[in-house]
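Here is how the chains run, residue by residue.
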Amino acid sequence: GGGKAYTVREFDRIVAEIRRSGLVVADFTGNRGGVYFEAGLATGLGVPVIWTCRKDCIGEVHFDIRQYNHIIWEDVEMLRDALRDRILATVVAGAV
């Protein structure tokens, strides 16, 4: 896809932020390549990932990640509510 390449400084910052994170929300709306890397890195590091995509873009998501339970949303309110519920479920499940 389009978009600019990461600079080394941006790349290092993103990696450091993911390493420090307790949770990553990866939204695949627009099928941006960077989000695949970021979600993959978080997954590899054992950081929980919440996978999201706007309904009209879900068909563009690469088949390799369709196995994950995406929150498929239509508007910001729907996304907000679903994220709140998923974060609570993830944090609570991770704390037990």
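So, here's what we can say about the structure. (Residues numbered from 1 in each chain as written. Predicted model: local features only at pLDDT ≥ 70, side-chain atom pairs only at ≥ 80, totals over all residues. Heavy atoms only, no water.)

Throughout the structure, instances matching the rule amount to zero disulfides. Looking at Cys-53, it has no disulfide partner, and the nearest cysteine sulfur is the one in Cys-57, 5.3 Å off. On the accessibility criterion, Cys-53 (0% relative accessible area) is buried. Residue Cys-57 is classed as buried on the basis of its relative accessible area, which comes to 6%. (Disulfide = S-S within 2.5 Å. Buried < 20%, exposed > 50% of the residue type's maximum accessible area, 1.4 Å probe, protein only.)

On to unusual backbone geometry. Not every positive phi belongs to a glycine, and Asn-31 is a case in point at roughly 55°. Structurally, the position occupied by Asn-31 is in the loop between strand E1 (24–27) and helix H2 (33–45). (Helix = DSSP H or I, 4+ residues; strand = E, 2+ residues; numbered from the N terminus.)

With that settled, the discussion passes to the pairing of E1. When E1 meets strand E2 (residues 49–54), the two strands line up parallel, connected through four bridges. In the sheet register, Ala-26 faces E2, and the bridge partner there is Trp-51. Chirality of the crossover, the property in question, places the unit of E1, H2 and E2 among those that are right-handed. (Pairing = 2+ DSSP bridges. Right-handed = clockwise from strand over helix to strand, strands pointing away.)

A separate point is the nonpolar core. Note that soluble globular proteins tend to have their nonpolar side chains buried in a common cluster. Ranked by size, the top nonpolar core spans 17 residues in total, and within it Phe-28 and Val-49 carry the most contacts. At the level of elements, helix H1 (8–20), E1, H2 and E2 are the ones that each hand at least two residues to this core. With four residues, the single largest contributor to this core is H2. What Val-49 contacts, discounting residues up to four positions off in sequence, is Val-24, Ala-26, Ala-39, Ala-42 and Thr-43. Judged by nonpolar contacts, the second largest core, of five residues, contains Ile-50, Ile-71, Trp-73 and Leu-83. (Core = buried A, V, L, I, M, F, W, Y, C linked by side-chain atoms within 4.5 Å. Contact = heavy atoms within 4.5 Å.)

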